[in-house]
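Coordinate inspection notes
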Amino acid sequence: MCEKLYSVGELAALSGATIRTIQYYDKIELLVAKRDKNKKQRYYTQNDLLTLQQILFYKKLGVPLKEIKNHLVNVNNKHGVRDILKDQSEILFQKEMEIKMNIAIIEAIVATIDTGQSNHDLESMMELALKLNKETIFDYSTVSFDQKTTELFKERDPNYKEIIEVYWHWKKLILEATSHKINNILYKSDTGYHFGKKWYEFIERATDHNSEVIEAYTSGLEQSHQWPEEDLFLFNFCRDFIDCTYSYYCEKKGGEEN
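Here is a short report on the structure shown in this document. (Residues numbered from 1 in each chain as written. Predicted model: local features only at pLDDT ≥ 70, side-chain atom pairs only at ≥ 80, totals over all residues. Heavy atoms only, no water.)

**A closer look at the packing of helix α8 (residues 161-182) against helix α9 (residues 190-207)**
Condition: Fitted lines through C-alpha atoms serve as axes, helices being fitted only where they are in contact, and the angles separating the N-to-C directions of these axes extend from 0 to 180 degrees. The secondary structure listing takes helices from DSSP runs of H or I that are at least 4 residues long and strands from runs of E that are at least 2 residues long, numbered from the N terminus. Here is the rule for angles: anything less than 35 degrees is roughly parallel, anything more than 145 is roughly antiparallel, 65 through 115 is roughly perpendicular, and the remaining ranges are oblique. Crossing handedness follows the turn of the near helix against the far one: under a right angle anticlockwise gives a left-handed crossing, and clockwise gives a right-handed one. The contact rule is simple, with two residues in contact once any of their heavy atoms fall within 4.5 Å. In this classification, the charged set is Asp, Glu, Lys and Arg, the nonpolar set is Ala, Val, Leu, Ile, Met, Phe, Trp, Tyr, Cys and Pro, and all remaining amino acids, among them Gly, are polar.
Orientation of α8 relative to α9, taken along the N-to-C sense of each, is 165 degrees, at an axis distance of 11 Å. Between α8 and α9, the interaxial angle falls into the category roughly antiparallel. Between α8 and α9 the crossing geometry is left-handed. In contact with Glu165, Val166, His169, Trp170, Leu173, Ile174, Glu176, Ala177 and His180 of α8, α9 contributes Thr191, Phe195, Lys198, Trp199, Phe202, Arg205 and Ala206. Classifying every residue of the contact of α8 with α9 by side-chain character gives 9 nonpolar, 3 polar and 4 charged.

Okay, here's the thing in structure tokens:
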């Protein structure tokens, strides 16, 4: 039986890619077409269709075209496909962490602007933002927490997804507290009260009133000397502001409840 051949238009219809895209892949030799004797008409096989689907899949995941050619494998080679997907997952995870850092920086600066002060020191915050290491979170892999703490975190979330979310919530608040301190925000103010409330709610969410979890986080705090340099510096810089606003909020909260 003769192998089924597809024209560029048919391949485009089957794959969802545009004709121009397929022609471009042919031009850069990513998906080379078969040609008739006059070399005018392009034809593609069933295997070409499967290859194109791989190309479009990897492109959707953000793999650069110049790298995709090295990633094209036989779809029956499950180990090869798995390795490719794991590699790209790691790349996307790193991009996600960078995005979360940028969001934390933006929200910290916006929070200070929203205080209504007329003399914001935005230049200092922007200068700090440029110096921040967007890969600091990965440095925690070298921190040696005690065995009990490590085991507890693993029990709560084997994939550390929950811990990562807690970290970024913490980082956002640390940057916000840093921004407030740089701008001389008084802890006994509306801004201080609202920040103290945010920190109180963060602790509630992170520990969920679980005594073992509270103990684990306390243990992690006691080992702060092992933290990445950037996080340790920021935390030490704004710790007094955090403690004072937290106490101020708890004090006012207690008075309101009474």
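**Focus on the packing of helix α1 (residues 8-15) against helix α3 (residues 46-60)**
Contact pair α1 / α3: the axes reach a minimum separation of 11 Å and the direction vectors enclose 50 degrees. Relative to α3, α1 is oriented oblique. Crossing of α1 against α3: the hand is right-handed. Contacts from Leu11, Leu14 and Ser15 of α1 reach α3 at Leu49, Leu52 and Leu56. In the contact of α1 with α3, the residues fall into 5 nonpolar, 1 polar and no charged.

**Structural notes on the environment of Ile28**
In this fold, Ile28 is placed in the loop between α2 (19-27) and β1 (34-35). Sequence separation of Ile28 and Leu65 is 37 residues, and the distance between their C-alpha atoms is 9.6 Å.

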